[in-house]
Amino acid sequence: MSNTVKAYHPLEMSFHKNMLRFVILLIISGLPFFSKMFSFIAYGVGYPISEFLGNGQPLSSGLAFLRVIHWSSGFLLAVISVVFLFAMLSKINRLSIWPDVWGVDAIFDGIKQMRLHYLEKKSGNFGKMNLGQKASAWVMFFTMVLLIISGVLLVLRNIDGSFLPSDISLFLRNIHTVSFIVLFCVLMVHVFFALLPSNIHAYKAMFQTGEMDREYVKEHHPLWYNKLK
Amino acid sequence: MKMPKSQKGFLFDQNFCIGCKACEVACQVYHQQEDMIDWRHVDTFLIRENNMEKEVYLSQACHHCQEPACMSVCPTNAYTKRDDGIVILDRDKCIGCGYCMESCQYGAITLQGNDKKAQKCNMCAEKQDIGELPACIAGCPVKALRLVDIVVADEAGMVKSAVGFKQSSLKPSIRFYPKFRSATFLG
Ligand code: SF4
Ligand code: SF4
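Scope of this entry: the structure provided in the associated data block. (Residues numbered from 1 in each chain as written. Chains lettered and ligands numbered in written order. Predicted model: local features only at pLDDT ≥ 70, side-chain atom pairs only at ≥ 80, totals over all residues. Heavy atoms only, no water.)

### Considerations on helix α4 (residues 104–118) of chain A
Residue and element names in this part refer to chain A.
Move 1: Taking 1.5 Å of rise per residue, the 15 residues of α4 would be expected to cover 21 Å, and the 21 Å separating its terminal C-alpha atoms lies within 8% of that figure.
Move 2: Those residues of α4 that sit buried are G110, Q113, H117 and Y118. The arc that holds every buried residue of α4, seen down its axis, measures 115°, which confines them to one face. Turned more than 90 degrees off the buried face of α4, the exposed positions are V104, D105 and F108.
Move 3: For α4, the secondary structure elements touched by its buried residues are α5 (131–159), α6 (166–194) and α8 (214–220). (Helix = DSSP H or I, 4+ residues; strand = E, 2+ residues; numbered from the N terminus. Expected span 1.5 Å × (residues − 1). Buried < 20%, exposed > 50% of the residue type's maximum accessible area, 1.4 Å probe, protein only. Arc of directions from axis to C-beta. Contact = heavy atoms within 4.5 Å.)

Okay, here's the thing in structure tokens:
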């Protein structure tokens, strides 16, 4: 028997890496539209462009450029997400985003196991992902779906002003903003936990090898280990 | 936001407006607006007065608000407020994102033009700068539209409400002659 177990499918690893790139691009290009506090990003991008165009409008040029980046990276992210979802349909159970046990008691137990692991530094009775990871995966999934749907509709309204009445587009923009805030908070927590030293095995598996040490899995992810046997 | 030294606004007399839309047309002609674009528009409302139904009209354009939402949301800072309170849009800065249109509670901004950029009433600032009246005011045959200083209008007892007019926190710079008849608004 091999000393390692397959933790992530190459498609999952590639999707995760590309999603990370697009999300960074989307956040940077979207922030100046989110709040004027971030106009410096638009000015930074816009100065060389406005010099090149000779239009003397660094802010507008920067925002116009960032909007193109935002739209195109959002479009590409939507495309790879759809491809990924279809490709993973047959392996959907392996994504480990479903509860191992259902019910309110299971939620309380999940919280207890996380406390054991993160605060008391003991081994929790986890599956491949713990309760927090599963919950954040679902929040990320739903907020991204909302962001993509509202984003596509807003782009269409931007191309054709009569496509949606302004109160609907305002509503969509609010959905886009609130989903972004929620997603951003969850992403920050996700990144924080991903970078914890205790998470190094999973980190390496996701970004480098795709595999995790069998003994480590046995000790730290017993529910998953039982399924692998 | 820097407060303007004064605040110009429109004064509208709903008692006398006959709904002829001359103001709307004068605005379209002077600003050479494309088809279907009307920075100023006249809406019709039904009221009941002395047990009889009748129509009243409301002529509206940008209200050059004292706290303009368009100006605070525009990411390109395309809006500025002049010292006389007129809210000016620099269309060279506009990238057509539509934020201003969505934020204006008076539907005063449109992006339906061929260039897909925002456009709205500028109170004919360039005409005023050479001592002329805005086109809509000059075009009204019954003088139901006038130009006022908002402080002066308030001191003179002009009111902030009229049939069909939506109040908002943006402090719109429009005032109305007090109603001289009692009537019930029907819709
Ligand atoms: S009426 Fe609308 S467009 Fe005019 S100043 Fe107020 S918010 Fe801006
Ligand atoms: S549409 Fe133009 S004027 Fe309106 S918020 Fe966007 S950039 Fe500013």
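Having seen it, we continue.
### Focus: the pairing of strand β2 (residues 41–49) of chain B
Move 1: Here β2(B) runs beside strand β3 (residues 52–60) of chain B; their pairing, made up of nine bridges, is antiparallel. Across the sheet, residue E49(B) finds its bridge partner in β3(B), namely M52(B). (Pairing = 2+ DSSP bridges.)

### So, the site of ligand 1
Move 1: Neighbouring residues of ligand 1: 14 residues in total, closest C62(B), H63(B), C65(B), C70(B) and C104(B).
Move 2: Of the residues in the shell around ligand 1, the class split is 11 nonpolar, two polar and one charged. (Near = heavy atom within 4 Å. Nonpolar A, V, L, I, M, F, W, Y, C, P; charged D, E, K, R; others polar.)

### Some details on the site of ligand 2
Move 1: Surrounding ligand 2, one finds 14 residues, the nearest of these being C74(B), C94(B), C97(B), G98(B) and C100(B).
Move 2: Within the shell around ligand 2, the residues separate by chemical class into 11 nonpolar, three polar and no charged.

### What to know about the pairing of strand β1 (residues 8–12) of chain B
Residues and elements named next belong to chain B.
Move 1: Along β1, four of the five residues are buried, which leaves the element largely enclosed by surrounding structure.
Move 2: One ladder, built from five bridges, connects β1 with strand β6 (residues 145–149); its direction is antiparallel. Bridging across to β6, F12 finds its partner in L145.
Move 3: Two strands pair when backbone bridges link them, and β1 and strand β7 (residues 174–176) are joined in this way by three bridges, in the parallel orientation. In the sheet register, L11 faces β7, and the bridge partner there is R175.

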